[in-house]
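So the chains spell out like this:
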Amino acid sequence: MVSFHADDFALAVASSKDIIALCQQGKVDSLSVIPNISCFDSCMKLYQAAQPTFPVQPVLSVHLNVMEGRPVSNFLSLKDLADEKGLFKVSWLSLLAASFTPWKRGRVRAQLAQELAAQIRRCLGTGLFDKAAVNLDSHQHPHHIPIFFDAMMDAVADLEKEGCRISCIRCSEDPLSPYLATPAIYGKIKLANVVKCAVLNLLSAKVKRGLKKKGITPTYLSGVFFSGAMTEGNLRPVLPKLIALAERKGRPLELLFHPGQVPREEIASRDEYQKPDFVEASCSPDRAEECRSMAVLKDEFGQ
């Protein structure tokens, strides 16, 4: 099964409206909702108002986020995660280091579990998510980091006591072989994205073991190798190979797009975004091309 997924809903009002427009065209199979940005309530109200106009109802996923913005839970109890202004201060490398730091690991894991549970509950509180079939992923894929994954599973265990059931957790394994077997894209390969794929694919072993214990089939993901450039021109030569691999392995294939462009004036008006490279990526005109490409490819390859 091929799923066309829109990431970063509720990152900003303008980009969320772009995603809603795609939903109204029936181009979105699933989308991820960021729980901890200040425009969350406004974006969810827009989504709820537009929902009756969607020809197909997308599956909603909680986009767990500790990389940008403020915690949903009390930041005063998150000393290792948030600064004195209540903004997240962690990075991929700091979380990876904490995974292998014995005197820090337990403390950070507990703080992460507290915050992740709060983010999931906030989404469930909208009434738009199915409590009996909760989907989870994360902003910039930190759930592949051991300490984050363990904390997420701690949060899941607590929520299951409240009657929640987890239906899917994204496996961010973007297989390299189909890309490397496609000479037409060699000139478009970015070394940084290859490294990201290699790291996530290596760390996916723990994720797959965890999913197996929950009876969840791991997905393949296409969205890391062409991070920031999930365009028709990049994907079309390699997509048949990705689909064939997923079918051969009996795994769903998730095509991850960021189809909403954020106006610089909207993102600059808030202090929630601390990383300049993330701001640049969010405001990039390439996101408009991802929006167009998602619609075109959905018509051709969607199911």
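Our structure is the block above this text.
Not measured: the values here are computed from a predicted model. (Residues numbered from 1 in each chain as written. Predicted model: local features only at pLDDT ≥ 70, side-chain atom pairs only at ≥ 80, totals over all residues. Heavy atoms only, no water.)

> Give me the lowdown on the overall build of the protein, citing residues and values where you can.
Scanning the protein from N- to C-terminus turns up 12 helices and seven strands. A compact globule built from 303 residues would reach a C-alpha radius of gyration of about 19 Å, and the protein, at 18 Å, matches this within 12%. Overall, the C-alpha framework of the protein stretches about 50 × 40 × 40 Å when taken along its three principal axes. Within the protein, the fraction of its 303 residues that count as buried is 55%. Of the contacts formed within the protein by residues at least 6 apart in sequence, a portion of 81% connects residues at least 24 apart. Accessible surface, the protein as shown: approximately 12600 Å² in total, 57% of it carbon and sulfur. Across the protein, the 37 positively charged side chains and the 33 negatively charged ones have centroids separated by 6 Å. (Helix = DSSP H or I, 4+ residues; strand = E, 2+ residues; numbered from the N terminus. Rg over C-alpha atoms; globule rule 2.2 N^0.38 Å. Buried < 20%, exposed > 50% of the residue type's maximum accessible area, 1.4 Å probe, protein only. Contact = heavy atoms within 4.5 Å. Areas by Shrake-Rupley, 256 points an atom, 1.4 Å probe, with all protein chains shown as cover. Lys, Arg positive; Asp, Glu negative; His and termini not counted. Charge placed at Lys NZ, Arg CZ, Asp CG, Glu CD.)

> Describe the side chain of Glu290, and please don't skip the residues or the numbers.
Structurally, Glu290 is set in helix H12 (residues 286-301). Of the side chains with opposite charge, Arg287 lies nearest to the buried Glu290, which makes no salt bridge, at 6.0 Å. Not counting residues up to four positions away in its chain, the partners in contact with Glu290 are Gly228, Ala229, Met230, Phe257, His258 and Pro259. (Salt bridge = Lys/Arg side-chain N within 4 Å of Asp/Glu carboxyl O.)

> Tell me what's going on with the layout of surface pockets, and back it up with residues and numbers.
Space left empty within the atom packing is revealed by a probe, the size of a water molecule, rolled over the atoms. The space that makes up the largest pocket amounts to roughly 940 Å³. As for the largest pocket, its lining consists of 31 residues, and the residues nearest its centre are Gln140, Lys196, Ser227, Asp277 and Phe278. Where the lining of the largest pocket is concerned, the elements lending two or more residues are strand S1 (2-9), helix H3 (92-99), helix H7 (191-214), helix H11 (276-283) and H12. Here the lining of the largest pocket takes six residues from H7, the largest share from any one element. Looking at the lining of the largest pocket residue by residue, the classes come out as 11 nonpolar, 12 polar and eight charged. Lining the second largest pocket are 18 residues, and of these Met1, Ser3, Ser30, Asn135 and Cys168 lie nearest its centre. Elements supplying a minimum of two residues to the lining of the second largest pocket: S1, strand S3 (59-64), strand S4 (134-138) and strand S7 (253-257). Looking at the lining of the second largest pocket residue by residue, the class counts come to seven nonpolar, seven polar and four charged. (1 Å grid on protein atoms, 1.4 Å probe; cavity = no way out; pocket = protein on both sides within 12 Å on 5 of 7 lines; lining within 4 Å. Points joined across faces, edges and corners; volume = space filled by probe spheres on them. Nonpolar A, V, L, I, M, F, W, Y, C, P; charged D, E, K, R; others polar.)

> Run through the side chain of Arg251, naming residues and quoting values.
Counting through the fold element by element, Arg251 comes out in the loop between helix H9 (239-249) and S7. Side-chain polar atoms of Arg251 contact the side chain of Tyr220, separated by 3.5 Å. (Polar contact = N/O pair within 3.5 Å; in protein donor to acceptor, adjacent residues only side chain to side chain.)

> How would you sum up the nonpolar core? Please name residues and give values.
If you look at the biggest cluster of nonpolar residues, it comprises 95 residues, and the most contacted ones within it are Phe9, Leu31, Leu95, Leu112, Phe129, Leu136 and Leu253. With nine residues, the single largest contributor to this core is helix H5 (residues 146-160). Once residues within four sequence positions are removed from consideration, Leu31 is found in contact with His5, Ala6, Phe9, Ile19, Cys23, Tyr47, Pro58, Val59, Leu60 and Ser61. (Core = buried A, V, L, I, M, F, W, Y, C linked by side-chain atoms within 4.5 Å.)

> Talk me through the pattern of salt bridges; I want residue IDs and the actual numbers.
One pass over the full model with this rule turns up 21 salt bridges. For the salt bridge of Arg170 with Glu254, the shortest nitrogen-to-oxygen distance reads 2.9 Å. Of this pair, Arg170 sits in the loop between strand S5 (166-169) and helix H6 (177-180) while Glu254 sits in strand S7, placing them 84 residues apart in sequence. Glu254 carries the same exposure label as Arg170, and that label is buried. Between Arg292 and Glu232 there is a salt bridge whose closest N-O contact spans 2.8 Å. One end of the pair, Arg292, is in helix H12; the other, Glu232, is in helix H8 (residues 232-235), with 60 residues separating them in the sequence. Each of the salt bridges in this network shares a partner with another, and the network as a whole consists of Arg105, Arg109, Asp150, Asp154 and Lys206.

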